Amino acid sequence: MGLPDSSSTEQDDPLEIDTAVAHPARRYNYWLGGTQNFEADRISGDAVAAVLPSIRTGVMENRRFLRRAVTYVTAEAGIRQFLDIGTGIPAADNVHEVAQRIAPDTRVVYMDNDPIVLAHAHQLLLTSETGATAYIHADLREPDTIFGHPDLRATLDLSRPVALMLIAVLHFIVDADDPYGCLARLVERLPPGSYVAISHATADFLPPELGNDIIQRANTGSRDQAQWRDRAAFAQFFNGMELIPPGIESISDWRSELPPGKRPSAADALHYGAVARIP
């Protein structure tokens, strides 16, 4: 298959970017040291960093976890197709960059629901000669929209295994929005032998009062509300799947190349991570 025509993205109706309300993707960009953010995002980010100075360590560890998860799924599991949901603003080592260094024919579909990510999607469409990438603007609560999108259909062969990436996104699906059901509706559309990689914020390694303060600061003035989940709640996302060793770990520990004494602590990383195979 050739590179899909991305003109459908460009022809979509313009989407308003609300700069007065903090958005997780832009706040994340701010913590990463990026420039694609606004005052509301920086105010929100600074409010969290005031009580948790290591927040920037956590977001950097998420990028490293993504790199290691993509490397495993590509190099060891032999997967050549990715669906990255909650892509965020492009940064170093995006999924296709990591995967195509290993297997140039890898095909990647990125998806996010932030208009500013849409505005920078062209950075995600640069690919190897034999691979392909596409970007679709959608919400993970809308699996029919995602899997019915013509750019996804043109890029991925859904009769073959796909790696579903959900990096630092499911904590923005609060319990009232049925996060487990949301994930299940995505997974049921993937063929056997597919993989799921998830990282998720947790307060398990923080004093309870600090955890409460952080989540309140993060949610104040933010478009998307977030919630912590403990290890047991995180593990439920993988019900019916086969966890890949080492299973559920702090993202700083999952298949890290660094010795234990050289890694950020679990409290600094602030996220669980795991990769699982769909039988």
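Treat the numbers as computed from the prediction; the structure is a model and nothing was measured.

Draft legend 1. Highlighting empty space enclosed by the protein. A full pass over the atoms with the stated rule returns 1 cavity of 30 Å³ or more. The volume enclosed by the largest cavity comes to roughly 700 Å³. Together, 41 residues line the largest cavity, and Pro 24, Ala 168, Val 169, His 171 and Phe 172 are the ones closest to its centre. Looking at the lining of the largest cavity, the elements that each hand over two or more residues are helix 2 (24-31), helix 4 (55-76), strand 1 (81-85), strand 2 (107-112) and helix 10 (208-219). For the lining of the largest cavity, the residue count by class is 25 nonpolar, 8 polar and 8 charged.

Draft legend 2. How the structure looks around the side chain of Thr 133. Topologically, Thr 133 is positioned in strand 3 (residues 132-137). Judged by relative accessible area, which is 2%, Thr 133 ranks as buried. For Thr 133, the side chain forms a polar contact with the main-chain oxygen of Leu 125, separated by 3.4 Å.

Draft legend 3. Focus on the packing of aromatic side chains. Counted under the stated rule, the structure contains 7 aromatic pairs. Consider the rings of Phe 234 and Phe 238, whose centres lie 5.3 Å apart with planes at 75°: the pair is edge-to-face. Note on accessibility: Phe 234 and Phe 238 belong to one class, buried. Taking 5.9 Å as the distance between ring centres and 20° as the angle between the ring planes, the aromatic pair formed by Phe 234 and Tyr 272 counts as stacked. One end of the pair, Phe 234, is in helix 11 (residues 231-235); the other, Tyr 272, is in strand 8 (residues 271-277), with 38 residues separating them in the sequence. The class of Tyr 272 is buried, set by a relative accessible area of 6%. What links up through ring pairs into an aromatic cluster is the set Tyr 180, Phe 205, Phe 234, Phe 237, Phe 238 and Tyr 272.

Draft legend 4. Representation of helix 9 (residues 179-187). Here helix 9 has its buried residues at Pro 179, Gly 181, Cys 182, Leu 183, Leu 186 and Val 187. Those residues of helix 9 that are buried are in contact with strand 1, helix 7 (143-148), strand 4 (163-167) and strand 5 (195-201).

Draft legend 5. Region of interest: unusual backbone geometry. Of note, the bond from Pro 245 into Pro 246 is cis; its omega dihedral lies within 30 degrees of zero at 10°. Among the secondary structure elements, Pro 246 is positioned in the loop between strand 6 (242-243) and strand 7 (249-250). Despite not being glycine, Arg 255 shows a phi value in the positive range, around 50°. By secondary structure assignment, the location of Arg 255 is in the loop between strand 7 and helix 12 (266-269).

Calculation notes
Residues numbered from 1 in each chain as written. Predicted model: local features only at pLDDT ≥ 70, side-chain atom pairs only at ≥ 80, totals over all residues. Heavy atoms only, no water. 1 Å grid on protein atoms, 1.4 Å probe; cavity = no way out; pocket = protein on both sides within 12 Å on 5 of 7 lines; lining within 4 Å. Points joined across faces, edges and corners; volume = space filled by probe spheres on them. Helix = DSSP H or I, 4+ residues; strand = E, 2+ residues; numbered from the N terminus. Nonpolar A, V, L, I, M, F, W, Y, C, P; charged D, E, K, R; others polar. Buried < 20%, exposed > 50% of the residue type's maximum accessible area, 1.4 Å probe, protein only. Polar contact = N/O pair within 3.5 Å; in protein donor to acceptor, adjacent residues only side chain to side chain. Phe/Tyr/Trp six-rings, centres within 6.5 Å; stacked < 30°, edge-to-face > 60°. Contact = heavy atoms within 4.5 Å.

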